[in-house]
Amino acid sequence: MCGIVGAVSQRDVPAILLEGLRRLEYRGYDSAGMAILGDDGSLQREREVGKVQALAQALEKSDPHGVVGIAHTRWATHGVPSQVNAHPHMSGERLAIVHNGIIENYQSLRERLKDEGFEFSSQTDTEVVAHLIESCFRQSGDLLSAVKAAVAELHGAFALAVMHADDPDRIVVTRRGSPLVVGVGIGENFIASDQLALLPVTDRFMFLEEGDIAEIRRDTVRIWDADEQVAERPVSRFEHAIDSADKGEYRHFMLKEIHEQPRVIQATMEGRLTDSRVLEQSLGTEAGSLLAGIRHVQIIACGTSYHAGMVARYWIEELAGIPCSVEVASEYRYRHHVVQPDTLFLTISQSGETADTLAALRQAKEAGFRAALAVCNVPGSSLVRESDLVIMTQAGPEIGVASTKAFTTQLTALLIFTLALARHNGLDSEKEADIVRALREVPRQVDQVLSLDGRIESLSRAFMDKSHSLFLGRGAMFPVALEGALKLKEISYIHAEAYPAGELKHGPLALVDSEMPVVTVAPNNALMEKLKSNLEEVRARGGELFVFADGQSGLHEEDHVHVMSIPEVHPITAPIVYTVPLQLLSYHVAVLKGTDVDQPRNLAKSVTVE
Ligand code: AGP
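Residue numbers restart at each chain and count upward from 1, following the sequence in its written direction. Residue-level local features of this predicted model are given only where pLDDT is at least 70; pairs of side-chain atoms are given and counted only at 80 or more, and the full residue set underlies all totals for whole chains, interfaces and linings. Hydrogens and water molecules were not included; the side-chain quantities draw on all heavy atoms of the structure.

Per an unreviewed UniProt entry, the chain is named Glutamine--fructose-6-phosphate aminotransferase [isomerizing], and its organism is Marinobacter halodurans. Per UniProt, the chain carries the Subunit (unreviewed entry) text "Homodimer." UniProt positions are given in the numbering used here, feature names are shortened, and annotations may be inferred rather than shown by experiment.

Now the structure itself:
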């Protein structure tokens, strides 16, 4: 949610910052801006509403030069998307700031600063911070002390980067609740809210911790922790391929990421499986002792990651025989809950920075859970650093706002985890071997589904002029239906609802008519006969059915029934494979409708505010 990038160098930085913003645009894209400390000692600011490209065009005209600068791409929280609300914000002509997150007490600070004589030109909470730091700077003449003093007054979650023309050789940054990373260069240093922004200029990073304040100079980075003690943060190297932020031959990141799934699912399995077993040690040296006494699993996540958690519940209860609860983080964190003894707290997140998921984890640490396990895709993210045990998915950076490869790699990691947990709870080795073999088949099966792309594209035409749609599934395919509906609504803006098929006659059947496409994921499993009756209920009401099923299902193409044949898969791994055709369907509907596939309206990739 919003992206920050900054540089202190000996070379011109505007082009570096602009490329950083392009790479961060997935985080927010309603306006973008940059402030550069010019050679004449003045601050030059450029801000534009819309995407980073609009800022690039403005910069072509103004052509700023300078070796110190900060930049931002915004997803509006306080104040509409507009030029005055875009970052960087300034206090007078000498201080510029960029900010991610939310300042909760900004109204009272605003009133106080107005009394001090500061004038406000925006509706943002960020401008309040700019004036507050300037007010402190006027007393100390030192940017670092000014930021320290100002931050002590702020309530909320934020990452800030500040520069001052009267303290010109450094950027001062701080984080509380929003991610911030320092990129370490040679004779230059950088900051960003995501390391992806800085990959063209460095592959060495220091992750700031909660409450850290840092001073970034050309040759040095100095860090103080939340207790104002000098702190060292280890430098780590970025491991993913450098081309992760390029679309390559694909028209959209989403399509590229859908097609990457066979490879990244394979990568997520690598080193964790033999031909017949899960290598428990590969989940961490502590994994064995942590999993041994677990009697209950509490899963917490948001959005797509929550759907992955819902699938995992079916697996955990079926294979490990352990009760499992799943809840969205935004609900869980604000209600009273009872923690059963020996409960594992399991968070799932692509970004590892989702505010609600992180808040739930922090609460859980106080609440008496046995241990906190995270399934996450971003190394070094807050969730990874704050959990006892981590299973990394190997999806690589996911740029499309609609989550695709993150979901299927989460499912892969969750199934591996389930098998490890189940072994402590009596899963016999034959059953484990059967599922491991099935899992090893998944990359090939996903590849087969990808080859159906042309046919799925043809099917997608039937959705173009529709306003509503219904997705049905039973058992572990119900969360797959939920995920399919989420994909369709978020990128094509068609209203899509998912139901367990058995719930149809309890209400949603009333919606079904010829204008309502009904999508069903129907692998041949124990619930097939029941599902068939549900489909008949839809047909009898004139509904148009789109069924993804395998050859054994006995479902055939008929009037108003379109059947897309999916390879035969093991019932346990079916949720992973059946997700893929639904991703392709949503993608093609969105392309036909001409929506912004990678950056759908009103959304941002990483939801680091509540
Ligand atoms: C789905 O396509 C969305 N990107 C969204 O629902 C996402 O899964 C959710 O915001 C959670 O994000 P996380 O996995 O990074 O925590």
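## Structural notes on the packing of helix α16 (residues 477–492) against helix α18 (residues 574–593)
Here an axis means a line fitted to C-alpha atoms, over the contact stretch when the element is a helix, while the angle between two N-to-C directions is reported on a 0 to 180 degree scale. In this text, helices come from DSSP runs of H or I with a minimum length of four residues, and strands from runs of E with a minimum of two, each type numbered from the N-terminal end. Interhelical geometry of α16 versus α18 gives an angle of 15° and a closest axis separation of 9 Å. The pairing of α16 with α18 is recorded here as roughly parallel in orientation. The hand of the α16/α18 crossing is right-handed. For the pair α16 and α18, contact is made by Met477, Val480, Gly484, Lys487, Leu488, Ile491 and Ser492 and by Ala574, Pro575, Tyr578, Thr579, Leu582, Ser586, Tyr587, Val589, Ala590 and Lys593, respectively. Classification convention: Asp, Glu, Lys, Arg as charged; Ala, Val, Leu, Ile, Met, Phe, Trp, Tyr, Cys, Pro as nonpolar; all other residues, Gly among them, as polar. Along the lines of polarity and charge, the residues of the contact of α16 with α18 split into 11 nonpolar, 4 polar and 2 charged. Just so you know how the angles are binned, under 35 degrees is roughly parallel, over 145 roughly antiparallel, 65 to 115 roughly perpendicular, and the rest oblique. Each crossing gets its hand from how the near helix is turned against the far one by less than a right angle, where anticlockwise is left-handed and clockwise is right-handed. Working rule for contacts: check all heavy atoms of both residues, and any pair within 4.5 Å makes them a contact.

## Brief notes about helix α2 (residues 52–62)
The classification of residues rests on relative accessible area computed with a 1.4 Å probe and restricted to protein chains. Under 20% of the type maximum is buried, over 50% is exposed, and intermediate values are partly exposed. By the burial criterion, the buried members of α2 are Val52, Leu55, Ala56, Ala58 and Leu59. End-on, the buried residues of α2 take up no more than an arc of 165°, which puts them together on one face. Pointing more than 90 degrees away from the buried face of α2 are the exposed residues Glu60 and Lys61. Of the surrounding secondary structure, the elements contacted by the buried residues of α2 are α1 (14–24), β2 (31–37), β3 (43–49) and β4 (68–74). Looking one or two residues beyond α2, the residue adopting positive phi is Asp63, at roughly 45°. Relevant arc is that of directions from the helix axis to the C-beta atoms, nothing else.

## A few points about the sheet that holds strand β5 (residues 89–91)
Between any two strands, pairing holds if DSSP finds at least two bridges. Spatially, 7 strands are ordered β5-β6-β7-β8-β12-β13-β14 in an open sheet, and the strand pairing comes out antiparallel. In this open sheet, the two strands that pair with only one neighbour each are β5 and β14 (230–231). Bridging between strand β12 (residues 213–216) and strand β13 (residues 221–224) involves 4 bridges; their strand directions are antiparallel. The residue of β13 that forms the bridge with Ile213 is Trp224. Against the sheet, helix α4 (residues 125–140) engages β5, β6 (95–103), β7 (156–164) and β8 (167–176), with an angle of about 130° to β6. Along the sheet face, helix α5 (residues 143–151) touches β6, β7, β8, β12 and β13 and points at about 25° away from the line of β8.

## Structural notes on the environment of Ile265
With respect to the secondary-structure elements, Ile265 resides in helix α7 (residues 261–269). Of the residues examined, Ile265 reaches a relative accessible area of 0% and is grouped as buried. Counting along the chain gives 141 residues from Ile265 to Ala406, while the straight-line C-alpha distance between them is 9.4 Å. For Ile265, the contacting residues outside a window of four places in its chain are Thr408, Thr409, Thr412, Val442, Pro443, Val446 and Ile576.

## Some points on unusual backbone geometry
Between His87 and the following residue, Pro88, the backbone shows a cis peptide bond with an omega angle of -5°. Among the secondary structure elements, Pro88 is positioned in the loop between β4 and β5. Look at Asp63: it is not a glycine, yet its phi comes out positive at around 45°. Here the phi dihedral of Glu228 falls at roughly 65°; this positive angle occurs in a residue that is not glycine. Tracing the backbone shows Glu228 in the loop between β13 and β14.

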